[in-house]
Amino acid sequence: TVGKTITCKAAVAWEAGKPLSIEDIEVGAPKAHEVRIQIYYTGVCHTDAYTLSGKDPEGAFPVVLGHEGAGIVESVGEGVTNVKPGDHVVALYTPECRECKFCKSGKTNLCGKIRATQGKGVMPDGTSRFKCKGKDLLHFMGCSTFSQYTVVADISVVALTDKAPMDRTCLLGCGITTGYGAAVVTAGVEKGSNVAIFGAGCVGLSVIQGAVKNGAGRIIVVDVNSKKEEWAKKFGATEFINPTTIDKPIQEYLVDITDGGLDYTFDCTGNVGVMRAALEACHKGWGESIVIGVAAAGQEISTRPFQLVTGRVWKGCAFGGIKGRTQLPDLVDDYLTGKLKVDEFITHRKNLNGINEAFDVMHEGDCIRCVVDM
Ligand code: NAD
Ligand code: AHE
Ligand code: ZN
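Every value quoted in this text rests on a predicted model; they were computed, and no experiment measured them.

Enquirer: Residue-level account of the overall build of the protein, with values.
Expert: Within the protein, the regular secondary structure consists of 12 helices and 17 strands. Whereas a compact globule of 374 residues would reach a radius of gyration of roughly 21 Å, the protein reaches 20 Å, a difference of no more than 12%. Here the protein, with 374 residues, has 51% of them falling under the buried criterion. Taking the intrachain contacts of the protein between residues at least 6 apart in sequence as the baseline, contacts between residues at least 24 apart amount to 71%.

Structural data, given as structure tokens:
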């Protein structure tokens, strides 16, 4: 199949707000500095649902969604040196070119090299590798893992040991890495510090995992779904609060029970009201709040500037601040040596034909991650 178009199944999002439809699509051969991957497993992240809903200002259709995928390299284009056919890989929506201003800054995991075309849903040369019924389909987040074959830029892929099962490593492509990195890398939670985590989905539970690893003191989880208490405690939370059951604003409550506020807070909900509460629950003088959740087009955050004047810090991160090509292999080692939980996040499994049910279970509230067998 090297150099030839491959026909395979993919879940296509024809328009916003409609279920995905399983289609035969044509996947073009990888051009220079591109990699064609046979996707074996993909997770479904809340962000896929967000873009499908039509609320993502960058969302465009028709598109092949999915950004939490693992597979095996089928073929590579000219000039690709970091992976080869047969390598087990994870796709990276935060690429790492190691040459751009961002990559060389040492201050961020964001990479500027292909962000413009990635946001438009095309490959770096401005064209698509996907066709269906004679029409071009757009790529998504530089990954498009809801297809049995996909093409990504070489800087958007990392090879991982084949000792790690792909139905687990796929989750390192977004949710688990995002939460863990937010605690360990972006916040740099210190031993004994108190943290609050808003939203106990895959991302929030993984923030707990990072906070535990760094030796946090109190780990307070806030979620409107009381069923998440058991999950939060399983991952190491010391306390759980359902904010709908208390009679004052959650930030006031948290400040009261923590002698002035938290050292670190994390928004893992995407709700701008929650983001404000998370910032205002921080301790005066030094508390830091990390925004991880993705909010819909038009949504804005606000607080009294006094909150910042008095030393609270508002920041955020994508992919936890983790550099995928450099750091994911270490996370996989941690998984294989029992230091990083991954299996525990998988509550549901579906086949490609049942991928819409993965979105249904996400909205029902009992799903942490659904892994789709492609
Ligand atoms: P999820 O839907 O599995 O979990 C969200 C949790 O938040 C649920 O348990 C829900 O009950 C809870 N919640 C909702 N409203 C709440 C409220 N008002 N107060 C407290 N809890 C509330 O989602 P996920 O896959 O874990 O993703 C979480 C968020 O992070 C999403 O917005 C997603 O788009 C975003 N995300 C961002 C990045 C990044 O790189 N920045 C990466 C992955 C996901
Ligand atoms: N297109 C959205 C932005 C969505 C967003 O912030 N995405 C995160 C990853 S979420 C993964 O589940 C991200 O990587 N952000 C950095 C970037 O460069 O996109 C919008 O609102 O426009
Ligand atoms: Zn995601």
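Enquirer: If you had to explain the site of ligand 1 to someone new, which residues and values would you point to?
Expert: Inspection of the region around ligand 1 gives 30 residues, with His 46, Gly 199, Gly 201, Val 203 and Gly 270 positioned closest. Within the residue set of the shell around ligand 1, elements represented by two or more residues are α1 (46-53), α5 (175-187) and α6 (202-213). In the shell around ligand 1, the residues fall into 16 nonpolar, 12 polar and 2 charged. Here the shell around ligand 1 spans two domains, and each of domain 1 (6-173 + 342-373) and domain 2 (177-318) adds at least three residues to it.

Enquirer: Break down the confidence of the model for the protein for me, citing the residues and quoting the values.
Expert: Here the protein averages 98 in pLDDT, and 100% of its residues register 70 or above. The weakest mean pLDDT in the protein belongs to helix α12 (residues 355-364) at 95; the strongest belongs to strand β13 (residues 264-267) at 99. If you check the scores for this complex, the pTM reads 0.98 and the ipTM reads 0.99.

Enquirer: Summarise the packing of α5 against α6; cite the residues concerned and give the values.
Expert: Put simply, α5 and α6 touch, their axes get as near as 7 Å, and they point 40 degrees apart. Classified by the interaxial angle, the pair formed by α5 and α6 is oblique. Judged by the twist between their axes, the crossing of α5 over α6 is right-handed. Of α6, the residues touching α5 (which contributes Gly 175, Ile 176, Thr 178, Gly 179, Tyr 180, Ala 182, Ala 183 and Val 184) are Cys 202, Val 203, Gly 204, Leu 205, Ser 206, Val 207, Gln 209, Gly 210, Ala 211 and Lys 213. Of the residues in the contact of α5 with α6, the class split is 10 nonpolar, 7 polar and 1 charged.

Enquirer: Now, about the site of ligand 2: what can you tell me, with residues and values included?
Expert: Near ligand 2 the following residues occur: Cys 45, Thr 47, Asp 56, Pro 57, Glu 58, Tyr 93, Thr 94, Arg 115, Cys 174, Val 294 and Ala 318. For the shell around ligand 2, the per-class residue count stands at 6 nonpolar, 2 polar and 3 charged.

Enquirer: Could you give an account of the nonpolar core, with specific residues and numbers?
Expert: Among the nonpolar cores identified, the biggest contains 114 residues, and Val 90, Ile 197, Ile 208 and Phe 266 are the most heavily contacted of them. In terms of residues, this core owes the most to one element, α6, which gives 6 residues. The residues that make up this core include at least three from each of domain 1 (6-173 + 342-373) and domain 2 (177-318). Dropping the residues within four chain positions of it, Phe 266 is found in contact with Ala 182, Ile 197, Phe 198, Val 207, Ala 278, Ile 290 and Ile 292.

Enquirer: Can you tell me about the sheet that holds strand β1 (residues 6-12), naming the residues and giving the values?
Expert: In sheet architecture, strand pairing relies on hydrogen bonds along the backbone and comes in two forms, parallel and antiparallel. One open sheet holds the 4 strands; their spatial order is β1-β2-β6-β7, and the pairing between them is antiparallel. Strands at the two margins of the open sheet, each flanked by one partner only, are β1 and β7 (135-137). Pairs of neighbouring strands in the sheet enclose a mean axial angle of 45 degrees, with direction left out of account. Bridge count for strand β2 (residues 21-27) against strand β6 (residues 130-132) is 2 bridges, and the pairing is antiparallel. Across the sheet, residue Val 27 finds its bridge partner in β6, namely Phe 130.

Enquirer: Can you tell me about the UniProt feature "domain: Alcohol dehydrogenase-like C-terminal" (unreviewed entry) in the protein, naming the residues and giving the values?
Expert: According to UniProt, the positions carrying the feature "domain: Alcohol dehydrogenase-like C-terminal" (unreviewed entry) are residues 203-330. Structurally, residues 203-330 is divided into 36% helix and 15% strand, and its ends, taken at the C-alpha atoms, are 19 Å apart.

Enquirer: So what's going on with the sheet that holds strand β11 (residues 219-222)? Which residues, and what values?
Expert: Strand order in the open sheet made by the 6 strands is β12-β11-β10-β13-β14-β15, with parallel pairing throughout. On the outer flanks of this sheet lie β12 (239-241) and β15 (313-316), each paired with one strand and no other. Neighbouring strand axes in the sheet, compared pairwise and without regard to direction, differ in orientation by 20 degrees on average. Sheet strands in contact with α5 are β13 and β14 (288-291), and its direction is about 135 degrees off that of β14.

Enquirer: I'd love a proper account of the UniProt feature "domain: Alcohol dehydrogenase-like N-terminal" (unreviewed entry) in the protein, names of residues and values included.
Expert: Taken from the UniProt record, the annotation "domain: Alcohol dehydrogenase-like N-terminal" (unreviewed entry) applies to residues 32-158. Helix makes up 15% of residues 32-158 and strand makes up 28%, while its end C-alpha atoms are separated by 17 Å.

Enquirer: Any details on the domain arrangement of the protein? Residues and values, ideally.
Expert: What the domain assignment lists for the protein is domain 1 (6-173 + 342-373) and domain 2 (177-318). Counting from both sides, the interface comprises 14 residues of domain 1 and, opposite them, 11 residues of domain 2. Top element by residues in the side of domain 1 that touches domain 2 is α1. It accounts for 3 residues. Considered class by class, the residues forming the side of domain 1 that touches domain 2 number 6 nonpolar, 4 polar and 4 charged.

Cut-offs and rules
Residues numbered from 1 in each chain as written. Chains lettered and ligands numbered in written order. Predicted model: local features only at pLDDT ≥ 70, side-chain atom pairs only at ≥ 80, totals over all residues. Helix = DSSP H or I, 4+ residues; strand = E, 2+ residues; numbered from the N terminus. Rg over C-alpha atoms; globule rule 2.2 N^0.38 Å. Buried ≥ 20, exposed ≤ 12 C-beta atoms within 10 Å, placed from the backbone. Contact = placed C-beta atoms within 7 Å. Near = placed C-beta within 6 Å. Nonpolar A, V, L, I, M, F, W, Y, C, P; charged D, E, K, R; others polar. Domains from an automatic or database assignment. pLDDT = per-residue confidence, 0-100. Axes fitted to C-alpha atoms, helices over the stretch in contact; angles between N-to-C directions. Parallel < 35°, antiparallel > 145°, perpendicular 65-115°, else oblique. Left-handed = near helix turned anticlockwise from the far one by under 90°. Core = buried A, V, L, I, M, F, W, Y, C linked by C-beta atoms within 7 Å. Pairing = 2+ DSSP bridges. UniProt positions renumbered as here; feature names shortened; annotations may be inferred.

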